[in-house]
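Understanding the architecture of this molecule
Here's the letter readout for the chains.
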Amino acid sequence: MPEKLLKKTACTLSPLGDSAIVITFGNGMEYSVHKKIKLLKDLLEDEPFAGFIECVPAYTNLTVFYDPLIIYKEQNKSNGNETISPFEVVRSILEMKLQDLKEDKKLIHRTVTIPVCYGYEYGPDLEYVARYNDLTTDEVIHIHSTGEYLAYMIGFAPGFPFLGGLSENIATPRRSSPRMTIPAGAVGIAGMQTGVYPISTPGGWQLIGQTPTKLFLPNVNPPSLLQAGDIVKFHPITDQEYKEMILKEGVQ
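Residues numbered from 1 in each chain as written. Predicted model: local features only at pLDDT ≥ 70, side-chain atom pairs only at ≥ 80, totals over all residues. Heavy atoms only, no water.

1. A closer look at the packing of helix α1 (residues 31-46) against helix α3 (residues 86-99)
The following threshold applies: As a rule, the C-alpha atoms of each element are fitted with a line to give its axis, helices using only the stretch in contact, and angles between N-to-C directions run from 0 to 180 degrees. Secondary structure elements follow DSSP: runs of H or I no shorter than four residues count as helices, runs of E no shorter than two count as strands, and numbering proceeds from the N terminus. Two helices that cross are described as forming a left-handed crossing if the nearer one is turned anticlockwise from the farther one by less than a right angle, and a right-handed crossing if clockwise. Pairs of residues are marked as contacts when any of their non-hydrogen atoms sit within 4.5 Å. Note on residue categories: nonpolar means Ala, Val, Leu, Ile, Met, Phe, Trp, Tyr, Cys or Pro, charged means Asp, Glu, Lys or Arg, and polar means any other residue, Gly included.
Following both chains from N to C, one finds α1 and α3 inclined at 115°, their axes separated by 10 Å at the closest point. Here the hand of the crossing between α1 and α3 comes out right-handed. Residues Leu40, Leu43 and Leu44 of α1 pack against Leu94, Lys97 and Leu98 of α3. Considered class by class, the residues forming the contact of α1 with α3 number five nonpolar, no polar and one charged.

2. Describing the packing of aromatic side chains
One pair of aromatic rings is described through two measures. These are the centre distance and the angle between the planes. Heads up, the condition is: Pairs were defined over the aromatic rings of Phe, Tyr and Trp, the Trp ring being its six-membered one, requiring ring centres within 6.5 Å. Orientation was assigned from the angle between planes: stacked under 30 degrees, edge-to-face over 60, tilted for the rest. Residue burial is assigned from relative accessible area. The probe radius is 1.4 Å, only protein chains are included, and a residue is buried under 20% of its type maximum, exposed over 50%, and partly exposed in between.
Applying the stated criterion across every chain yields a total of 13 aromatic pairs. When the ring of Tyr59 is compared with that of Tyr152, the centres are 5.7 Å apart and the planes differ by 55°; the resulting orientation is tilted. Taken together, the positions of Tyr59 in the loop between β4 (52-57) and β5 (61-66) and Tyr152 in strand β7 (residues 149-154) put the pair 93 residues apart, joining distant regions of the chain. Side by side, Tyr59 and Tyr152 carry an identical accessibility label, which is buried. Plain terms: the ring middles of Phe160 and Trp205 are 5.3 Å apart, the flat faces sit at 80° to each other, and that makes the pair edge-to-face. One end of the pair, Phe160, is in the loop between β7 and β8 (161-164); the other, Trp205, is in the loop between β12 (201-203) and β13 (206-210), with 45 residues separating them in the sequence. Judged by relative accessible area, Phe160 falls into the buried class, the value being 0%. The exposure class assigned to Trp205 is buried, which follows from its relative accessible area of 4%. Aromatic ring contacts, followed pair by pair, group Tyr59, Tyr152, Phe156, Phe160, Phe162, Tyr197 and Trp205 into a single cluster.

3. As for the pattern of salt bridges
This is how the line gets drawn: Salt bridges, as used here, are contacts in which a Lys or Arg side-chain nitrogen is within 4 Å of a carboxyl oxygen on Asp or Glu.
Applying the stated criterion across every chain, the model contains eight salt bridges. For Arg175, the salt bridge goes to Asp125, with nearest N and O atoms at 3.5 Å. Taken together, the residues span a long stretch of sequence, with Arg175 in the loop between β8 and β9 (179-182) and Asp125 in the loop between β6 (111-118) and α4 (126-132) at a distance of 50 residues. The exposure class assigned to Asp125 is buried, which follows from its relative accessible area of 5%. With a closest N to O distance of 3.2 Å, Lys243 and Asp239 form a salt bridge. Taken together, the residues span about one helical turn, with Lys243 and Asp239 both in helix α6 (residues 239-251) at a distance of four residues. Within this structure, Asp125, Arg175 and Arg179 form a network of salt bridges that share partners.

This is the structure we're talking about:
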């Protein structure tokens with residue numbers, strides 16, 4: 001079952017095992033690609049087909065998961081003895097959905113503001129990021145906290161947002177040696193991306209601050225504060241404000 005190119009939307013459809021299809025729209029972190037992914041995701045979730053499980057957006061593609069047994073049973077009802085693989089059925093459905101995609105439709109983005117305490121023990125790499133870009137730490141904080149960032153995808157760790165839109169003036173490569181443990185809430189930079197670690201985990205991003213806001217919410221559906229398509233803004237807070245927010249979170 002080779003991948004298939006669909007010319008109208010300039011995308012390819014490829015099988016992923018026997019219960020998923022990957023629809024690839026491009027090869028770079030671009031808003032036009034993200035828009036197509038988001039539009040198709042919303043369409044599938046608003047109008048799911050029989051056997052649809054979920055779809056997962058990434059930078060350049062959307063992976064659609066389905067139940068092949070349900071697809072097979074539905075096909076038997078419709079076509080009798082004619083045998084069509086679940087993959088072919090779902091691919092046909094997706095091709096029709098893609099033909100109906102209204103690419104001129106404007107996306108509506110939710111905006112989420114996240115407080116960040118920059119520097120101190122919360123941002124051990126802030127000075128390095130400043131030196132690397134020939135800036136002061138205050139300039140790095142100002143540039144980072146006045147930007148608007150698009151959540152292209154959630155992944156790596158539960159609730160981890162990969163945020164595009166970072167100014168090239170503070171872009172900094174990953175650390176040559178990753179840390180074995182990074183605290184939950186750490187705000188980092190890696191290349192032209194910024195992000196927030198939702199749980200304690202190893203990682204190689206340059207840490208410039210920390211937020212008291214919880215991004216991974218295991219008792220909520222969905223269990224992530226941020227979703228692909230959200231616009232994220234960062235708001236600087238003091239060390240005292242950070243500690244007060246942490247204390248409040250603990251009381252709740």
